[in-house]
Amino acid sequence: MGIYLTGIAWVVGAAALAGFVGYLVRKFGWDEGRPDNNDAAGQVFTIVGGLHAVLVAFILISLFDSASAAREGSYHEADSLVAAVWAADSLGDGVKAEVRKLSADYISTVEKKEWPQMAGGGDFVSDTGWTQLDQLRKAVDKAPSDDDWFRERKTEASAQLWQVYEARQDRLNAVEGGKVGGVVWFALILGSLISVLLPNLFGGTRLAAHLVIVSTLAGTVTLLLFAIYQLQNPFGGGVRIPPDAFTAALTRLT
């Protein structure tokens, strides 16, 4: 089932359930004095709903920022690798060939092995990529540095490789670091339930209007929770950042 159909199913299911609960409350609940409670219930709903809205907005903004940073980081990692290869091209034919081969192998590892693992939300990614980067570092280090030009190119290649190291670590951290913790999920779900159930304390509206109100509220809250769930992993779920940066980098190196 596609993500949009799944989201629609979540929203419709929550709206139907909230409408059913609202119907039961109105049909079999205690109606005496309910319209008189509108002021008190409205104040409580304003506080609870406001706090819950702030929490949801904060989490959504954080996840959107994390997804944008992960996308930019993948391009930074790939561009730094290309810059390191270009700098190493001036260090001799032997070093040039070795660095280009190791770089192509690293890109292949990222695209074919690491990306599917990250998309699946796996906490563990194999050390093959780290080993290949270490081999790249050693290939640059062993290059001759007989004059200032070679030393400058060697320093530039090493600096760009360090940028690759940092961007790679940030990319791997984004998989686990973007997940919403259990305590936060507890607060989100419990706050959503309270926010949806509180309108049942209001009186004065007709049954049909009341069901529309609670169903719409439940559907909207569920939609936001679904968005949070999908945005947890920037490389999977609803975001699903592709490895386009590394595909483009490999094209530039071949």
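Structure first, text after, so check above.
The notes below deal with the structure included here. (Residues numbered from 1 in each chain as written. Predicted model: local features only at pLDDT ≥ 70, side-chain atom pairs only at ≥ 80, totals over all residues. Heavy atoms only, no water.)

1. Considering the overall build of the protein
Moving on, step 1. Looking only at helices and strands, the protein features 8 helices and 0 strands.
Moving on, step 2. Taking 254 residues into account, the globule formula puts the C-alpha radius of gyration at 18 Å, and the protein, at 27 Å, lies well above it.
Moving on, step 3. Counting all 254 residues of the protein, 39% fall into the buried class.
Moving on, step 4. Residue pairs in contact within the protein that sit at least 24 positions apart in sequence constitute 82% of those at least 6 positions apart.
Moving on, step 5. As displayed, the protein has an accessible area near 13,800 Å², and 65% of this comes from carbon and sulfur atoms.
Moving on, step 6. For the protein, the centre of its 21 positive side-chain charges and the centre of its 27 negative side-chain charges are spaced 6 Å apart. (Helix = DSSP H or I, 4+ residues; strand = E, 2+ residues; numbered from the N terminus. Rg over C-alpha atoms; globule rule 2.2 N^0.38 Å. Buried < 20%, exposed > 50% of the residue type's maximum accessible area, 1.4 Å probe, protein only. Contact = heavy atoms within 4.5 Å. Areas by Shrake-Rupley, 256 points an atom, 1.4 Å probe, with all protein chains shown as cover. Lys, Arg positive; Asp, Glu negative; His and termini not counted. Charge placed at Lys NZ, Arg CZ, Asp CG, Glu CD.)

2. Quick look at the environment of Gln230
Moving on, step 1. Topologically, Gln230 is positioned in helix 7 (residues 207-231).
Moving on, step 2. With 10 residues separating them along the chain, Gln230 and Arg240 place their C-alpha atoms 9.3 Å apart.
Moving on, step 3. Residues within four places of Gln230 in sequence aside, it is in contact with Ile3, Gly236, Gly237, Gly238 and Val239.

3. Brief notes about unusual backbone geometry
Moving on, step 1. A positive phi angle, close to 50°, is found at Arg240, a residue other than glycine.
Moving on, step 2. Its location among the elements puts Arg240 in the loop between helix 7 and helix 8 (244-253).

4. Focus on a nonpolar patch on the surface
Moving on, step 1. Together, Leu17, Phe20, Tyr23, Leu24, Phe28 and Leu207 make up an exposed nonpolar region whose accessible area comes to about 600 Å².
Moving on, step 2. If you tally residues by element for the nonpolar patch, the top one is helix 1 (residues 3-28), at 5 residues.
Moving on, step 3. The class for Leu207 is partly exposed, based on a relative accessible area of 33%. (Patch = residues over 30% accessible without salt bridge, like charges linked within 9 Å, V, L, I, M, F, W, Y side chains within 5 Å. Salt bridge = Lys/Arg side-chain N within 4 Å of Asp/Glu carboxyl O.)

5. Notes on the nonpolar core
Moving on, step 1. Grouped together as the largest cluster of nonpolar side chains are 49 residues, with contacts concentrated most on Val99, Ile228 and Phe235.
Moving on, step 2. Elements supplying a minimum of two residues to this core: helix 2 (38-88), helix 3 (93-119), helix 4 (128-141), helix 5 (148-177), helix 6 (182-197), helix 7 and helix 8.
Moving on, step 3. Considering every element that reaches this core, the biggest residue donor is helix 2, with 13 residues.
Moving on, step 4. Discounting chain neighbours no more than four positions away, the residues touching Phe235 are Ala70, Trp115, Met118, Ala119, Arg171, Ala174, Val175, Arg240 and Ile241. (Core = buried A, V, L, I, M, F, W, Y, C linked by side-chain atoms within 4.5 Å.)

6. Thoughts on helix 4
Side chains of residues three or four places apart in an α-helix project in the same direction, reflecting 3.6 residues per turn.
Moving on, step 1. Between the first and last C-alpha of helix 4 there are 20 Å, a value that for 14 residues agrees with the 20 Å anticipated at 1.5 Å per step.
Moving on, step 2. Listed in full, the buried residues belonging to helix 4 are Gly129, Gln132, Leu133, Leu136, Ala139 and Val140. Taken down its axis, helix 4 places every buried residue within 115° of arc, on the same side. (Expected span 1.5 Å × (residues − 1). Arc of directions from axis to C-beta.)

7. Here we look at the layout of surface pockets
Moving on, step 1. A volume near 360 Å³ is recorded for the largest pocket.
Moving on, step 2. Lining the largest pocket are 18 residues, and of these Ala14, Leu17, Leu193, Val196 and Thr222 sit closest to its centre.
Moving on, step 3. Of all the elements in the fold, those that place two or more residues in the lining of the largest pocket are helix 1, helix 6 and helix 7.
Moving on, step 4. In the lining of the largest pocket, the residues fall into 14 nonpolar, 4 polar and no charged.
Moving on, step 5. Reported here for the second largest pocket is a volume of approximately 180 Å³.
Moving on, step 6. As for the second largest pocket, its lining consists of 14 residues, of which Ser66, Ala69, Ala70, Asp170 and Ala174 are closest to the centre.
Moving on, step 7. Mapped by element, the contributors of at least two residues to the lining of the second largest pocket are helix 2 and helix 5.
Moving on, step 8. Here the lining of the second largest pocket gets 6 residues from one element, more than from any other, and that element is helix 2.
Moving on, step 9. Looking at the lining of the second largest pocket, its residues break down into 6 nonpolar, 6 polar and 2 charged. (1 Å grid on protein atoms, 1.4 Å probe; cavity = no way out; pocket = protein on both sides within 12 Å on 5 of 7 lines; lining within 4 Å. Points joined across faces, edges and corners; volume = space filled by probe spheres on them. Nonpolar A, V, L, I, M, F, W, Y, C, P; charged D, E, K, R; others polar.)

8. Some words on the environment of Ala157
Moving on, step 1. You can see Ala157 is positioned in helix 5.
Moving on, step 2. Separated by 145 residues in sequence, Ala157 and Val12 place their C-alpha atoms 55 Å apart.
Moving on, step 3. With sequence-adjacent residues up to four places away left out, Ala157 is seen in contact with Ala84, Ala87, Ala88 and Val140.

9. So, the pattern of salt bridges
Moving on, step 1. Overall, the coordinates contain 11 salt bridges when judged by the stated rule.
Moving on, step 2. Between Asp134 and Lys138 there is a salt bridge, and its shortest N-O distance comes to 3.5 Å. Taken together, the positions of Asp134 and Lys138, both in helix 4 and 4 residues apart, correspond to about one turn of that helix.
Moving on, step 3. By relative accessible area, which is 48% here, Lys138 ends up partly exposed.
Moving on, step 4. Arg151 is the partner of Asp148 in a salt bridge, and the nearest nitrogen-oxygen pair spans 2.3 Å. Taken as a pair, Asp148 and Arg151 lie in helix 5 at a separation of 3 residues, close to a single helical turn.
Moving on, step 5. By relative accessible area, which is 56% here, Asp148 ends up exposed.
Moving on, step 6. A relative accessible area of 37% means that Arg151 is categorised as partly exposed.
Moving on, step 7. Several salt bridges share partner residues, and in doing so they unite Glu77, Glu114, Arg168 and Arg171 into one network.

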